Amino acid sequence: AEPAADADFAAFLIVRKNRDACIHWLLTYCQAIEREWSDAELRRRRLASLRRCLASLAEHAHADCRELAPLAPRMLHSTDFDERHFLNLVLPIERRHSRGLRDDELHGAISVSTGDGRASAARPPPLPLVVVCDRRRSASLHGPSSNLLGTVPGVGLRPPPLGLQRR
């Protein structure tokens, strides 16, 4: 085995006994593989190490970890497969054991092209929110309608166009 793969497996063995630390390490390792997918040599080495880590979970004390062991045979034939196959293997683990992205993390990951070939990490514009109030009794600024219209600027919204629609 390669020394780097042995080092990765040794790092895994440190956290292997603790269910949460083990799963977190595997998820982080899978994300590292995905991030560096274009480096074929590194990818093959890490996939071989991941396969070894997963295979070692067959006798784990915790059922959640033992459930991950059958993924190793899916990578047994070769570590030379496409990224889509890898993501199909890892996605169920991520869905079950990770919290997923929060909105603020998602917006930080969005890159907007500026037209001159550069990318900007600008936040996308907010999505419009439309509130429809059906069957209001009065379009005047008195009574319950005035309460609703008075709330609009208070929460930073644009006032709606006023008008009556008769049926």
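Note: the structure precedes this text.
So, how was this worked out
- Residues numbered from 1 in each chain as written.
- Predicted model: local features only at pLDDT ≥ 70, side-chain atom pairs only at ≥ 80, totals over all residues.
- Heavy atoms only, no water.
- Helix = DSSP H or I, 4+ residues; strand = E, 2+ residues; numbered from the N terminus.
- Buried < 20%, exposed > 50% of the residue type's maximum accessible area, 1.4 Å probe, protein only.
- Polar contact = N/O pair within 3.5 Å; in protein donor to acceptor, adjacent residues only side chain to side chain.
- Lys, Arg positive; Asp, Glu negative; His and termini not counted.
- Salt bridge = Lys/Arg side-chain N within 4 Å of Asp/Glu carboxyl O.
- Contact = heavy atoms within 4.5 Å.
- Phe/Tyr/Trp six-rings, centres within 6.5 Å; stacked < 30°, edge-to-face > 60°.
- Lys NZ or Arg CZ within 6 Å of the ring centre and 35° of its normal.

Participant: Whenever I open this one, the side chain of histidine 60 confuses me. Can you help?
Facilitator: Examined against the element boundaries, histidine 60 turns out to sit in the loop between helix H3 (40–55) and helix H4 (63–66). Overall, histidine 60 belongs to the buried group, its relative accessible area being 5%. Among the polar contacts listed, one links the side chain of histidine 60 to the backbone oxygen of arginine 16, at a separation of 2.7 Å.

Participant: In this structure, what is going on with the side chain of arginine 16? I would like to understand it.
Facilitator: Tracing the backbone through its elements, the reader meets arginine 16 in the loop between helix H1 (3–15) and helix H2 (19–35). Buried and without a salt bridge, arginine 16 has glutamate 59 as its closest oppositely charged side chain, separated by 7.9 Å. Look past the residues within four positions of arginine 16 in its chain and what remains in contact with it is Cys22, Ser56, Leu57, Glu59 and His60.

Participant: Looking at this structure, I do not really get the pattern of salt bridges. What am I missing?
Facilitator: Pairing of side chains with opposite charge becomes possible as their charged atoms draw close. Throughout the structure, instances matching the rule amount to six salt bridges. Close ionic contact of aspartate 64 with arginine 19 constitutes a salt bridge, the shortest N to O distance being 2.7 Å. Of this pair, aspartate 64 sits in helix H4 while arginine 19 sits in helix H2, and the two are 45 residues apart along the sequence. Aspartate 64 sits in the buried class, given a relative accessible area of 12%. Residue classification places arginine 19 among the partly exposed residues on the basis of a relative accessible area of 25%. With a closest N to O distance of 3.1 Å, aspartate 64 and arginine 96 form a salt bridge.

Participant: Help me understand the packing of aromatic side chains in this model?
Facilitator: To describe a pair of aromatic rings, you give the distance between the ring centres and the angle between the ring planes. Across all of its chains, the model carries four aromatic pairs by this definition. With centroids separated by 6.2 Å and ring planes inclined at 35 degrees, the aromatic side chains of phenylalanine 9 and phenylalanine 12 adopt a geometry described as tilted. Linking phenylalanine 9 with phenylalanine 12, this pair stays in helix H1, spanning three residues, or about one helical turn. Ring plane angle 55 degrees and centroid distance 5.2 Å describe the contact between phenylalanine 12 and tryptophan 25, whose orientation is recorded as tilted. With a gap of 13 residues between them, phenylalanine 12 in helix H1 and tryptophan 25 in helix H2 connect regions that are remote in the sequence. Considered together, phenylalanine 12 and tryptophan 25 belong to a single accessibility category, that of buried residues. Positioned over the ring face of phenylalanine 9 is arginine 52, at 3.9 Å from the centre of the ring.

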